[in-house]
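Fold and geometry: a report
Listed here are the chains, written in short residue letters.
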Amino acid sequence: LFPIVWMCLISIKDTSESITGFNSILVTHPTLGNFKRLFEMIPVGQNTFNSVFTTIMGTVTSLFFCALAGFAFAKYKFPGKTVLFYFVIATMLVPPEVGSVPLFIIMKKVGLINSLWSLVIPRIATAVGIFYMNQYITDVPDELVEAARIDGCTDFGIFMKIILPVIKPAMASWGAITLIARWNDFFWPSV
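Below or above, wherever it landed, is the structure these notes cover. Residue indices begin from 1 for each chain and proceed along its sequence in written order. Under the rules for a predicted model, residues below a pLDDT of 70 receive no local features and side-chain atom pairs below 80 are neither given nor counted, while totals for whole chains, interfaces and linings still include all residues. Side-chain descriptors were evaluated using all non-hydrogen atoms of the structure, hydrogens and water having been removed beforehand.

For the rest of this paragraph, the subject is the nonpolar core. To define a nonpolar core, start from buried Ala, Val, Leu, Ile, Met, Phe, Trp, Tyr and Cys residues and group those joined through side-chain atoms within 4.5 Å. Only protein chains enter the accessibility calculation, which uses a 1.4 Å probe. A residue is then buried if its area is under 20% of the maximum for its type, exposed if over 50%, and partly exposed in between. Judged by nonpolar contacts, the single largest core of 24 residues is most densely connected at Ala-67, Met-133, Ile-137, Ile-163, Ile-167 and Met-171. Helix and strand definitions here come from DSSP, where helices need a minimum of 4 consecutive H or I residues and strands a minimum of 2 consecutive E residues; each element is numbered from the N-terminal end. When contributions to this core are tallied by element, the ones reaching two or more residues are helix 3 (44-75), helix 4 (81-90), helix 7 (127-138), helix 8 (142-150), helix 9 (155-166) and helix 10 (168-184). Among the elements that take part in this core, helix 3 stands out by supplying 7 residues, more than any other. Contacts were defined at the residue level, with two residues in contact if any of their heavy atoms lie within 4.5 Å. Excluding anything up to four places from it in sequence, Ile-167 contacts Ala-67, Met-133, Tyr-136, Ile-137 and Val-140.

Written out as structure tokens, the structure is:
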């Protein structure tokens, strides 16, 4: 707790007071001028909105599309499914920094530079998320899907009404992981 207390104490100190050594704990002339200067120099409200918007939208879209792709890989048979799944898994070996320049060029051609959507769209579905959801959905009994199909449910209806309620624990854990990763992201927003 000491670093947090120390940070709070030096935030209300006058700029002429020392913030090093044992004198940093003593506040002789408390002031809120530092906060006033902060809000004058930096658009804190807009920056907070940007962070919250991209974090929430990125998490929600990642949850939806990773679960949808995981459902397709887990419960459907289609030509090239295994090769495509292994390709998705192989993309986990490529560091995100490698694709940053091509991704920047794509975002520029699409007209999304300096847009909040350029922080959401590139990671709508990640290989790790697809793999994680696929592994969880594979354990969902096929009989549930077949019963819903016999009852006349569409494929998307099966996903929304059968799969999503069953995989709530996976959605919660992947949502927490994605939320933290999106909030702490520094590299791509700085590009």
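The next thing to look at is the pattern of salt bridges. The term salt bridge refers to a pairing of a side-chain nitrogen on Lys or Arg with a carboxyl oxygen on Asp or Glu at a separation within 4 Å. Taken as a whole and assessed by the stated rule, the structure comprises 3 salt bridges. Linking Asp-185 and Arg-123 is a salt bridge whose minimum nitrogen-to-oxygen distance equals 3.0 Å. Here Asp-185 is found in the loop between helix 10 and helix 11 (187-190), whereas its partner Arg-123 is found in the loop between helix 6 (117-120) and helix 7, with 62 residues between them in sequence. Classification of Asp-185 by relative accessible area gives partly exposed; the value is 23%.

So, about the layout of surface pockets. Reported here for the largest pocket is a volume of approximately 880 Å³. Using protein atoms alone on a 1 Å grid, points that fit a 1.4 Å probe yet trap it form a cavity, whereas open point sets bounded by protein on both sides within 12 Å along at least five of seven lines form a pocket; residues with an atom within 4 Å of a point count as lining. For the largest pocket, the lining is made up of 27 residues, of which Val-94, Pro-96, Pro-122, Arg-123 and Thr-126 are closest to its centre. Of all the secondary-structure elements, those providing two or more residues to the lining of the largest pocket are helix 5 (100-110), helix 7, helix 10 and helix 11. Ranked by residues supplied to the lining of the largest pocket, first place goes to helix 10 with 5 residues. Roughly 460 Å³ of volume is contained in the second largest pocket. Together, 21 residues line the second largest pocket, and Ser-115, Ser-118, Leu-119, Trp-188 and Pro-189 are the ones closest to its centre. Counting residues per element, the lining of the second largest pocket draws most heavily on helix 3, which supplies 5 residues. Grid points are joined across faces, edges and corners, and a volume is the space filled by probe spheres set on the points.

So, about unusual backbone geometry. Trans is the common state for peptide bonds, and a negative phi is the common state for residues other than glycine. Phi at Asn-114 is positive, roughly 60 degrees, even though this residue is not glycine. Take Asn-114: it is sitting in the loop between helix 5 and helix 6.

Further remarks concern the packing of aromatic side chains. We call Phe, Tyr and Trp rings a pair once their centres come within 6.5 Å, taking the six-membered ring for Trp, and we label the pair stacked below 30 degrees between planes, edge-to-face above 60, and tilted otherwise. Under the defined criterion, the tally for this structure stands at 13 aromatic pairs. Relative to Phe-159, the ring of Phe-71 has its centre 5.6 Å away and its plane inclined at 35 degrees; by these criteria the two rings are tilted. Of the two residues, Phe-71 sits in helix 3 while Phe-159 sits in helix 9, which places them 88 residues apart along the sequence. Of the two residues examined, Phe-71 and Phe-159, each falls in the buried class. Relative to Phe-159, the ring of Phe-156 lies with its centre 6.2 Å away and its plane at 40 degrees, an arrangement referred to as tilted. With Phe-156 and Phe-159 both in helix 9 and 3 residues apart, the pair spans about one turn of that helix. Residue classification places Phe-156 among the partly exposed residues on the basis of a relative accessible area of 44%.

Bringing a nonpolar patch on the surface into the picture now. A surface patch of nonpolar side chains, about 620 Å² in accessible area, is lined by Leu-32, Phe-35, Leu-38, Phe-39, Met-41 and Ile-42. Residue Phe-39 is classed as exposed on the basis of its relative accessible area, which comes to 53%. Here a patch means residues that are over 30% exposed by relative accessible area and free of salt bridges, tied together within 9 Å if like-charged and within 5 Å if nonpolar (Val, Leu, Ile, Met, Phe, Trp, Tyr). Here the accessible surface of atoms and residues is derived via Shrake-Rupley with a 1.4 Å probe, and residues count as covered only by protein chains that are part of the display.

The next point concerns the packing of helix 3 against helix 7. Closest axis-to-axis distance for the helix 3/helix 7 pair is 7 Å, and the angle between their directions is 50 degrees. Taken together, the axes of helix 3 and helix 7 are oblique relative to one another. Of the two possible hands of crossing, helix 3 and helix 7 adopt the one that is right-handed. Touching Leu-63, Cys-66, Ala-67, Ala-69, Gly-70, Phe-71, Phe-73, Ala-74 and Lys-75 of helix 3 are Gly-129, Ile-130, Met-133, Asn-134, Ile-137 and Thr-138, all from helix 7. An axis is simply a line fitted to the C-alpha atoms; with a helix, the fit covers only the stretch in contact. Between two such axes, the angle follows the N-to-C directions and lies from 0 to 180 degrees. An angle counts as roughly parallel when it lies under 35 degrees, as roughly antiparallel when it exceeds 145, as roughly perpendicular when it falls between 65 and 115, and as oblique in every other case. Crossing handedness is read from the near helix: turned anticlockwise from the far helix by less than a right angle, it gives a left-handed crossing, and turned clockwise, a right-handed one.

Purely geometric stuff here, so don't read any function into it on its own.
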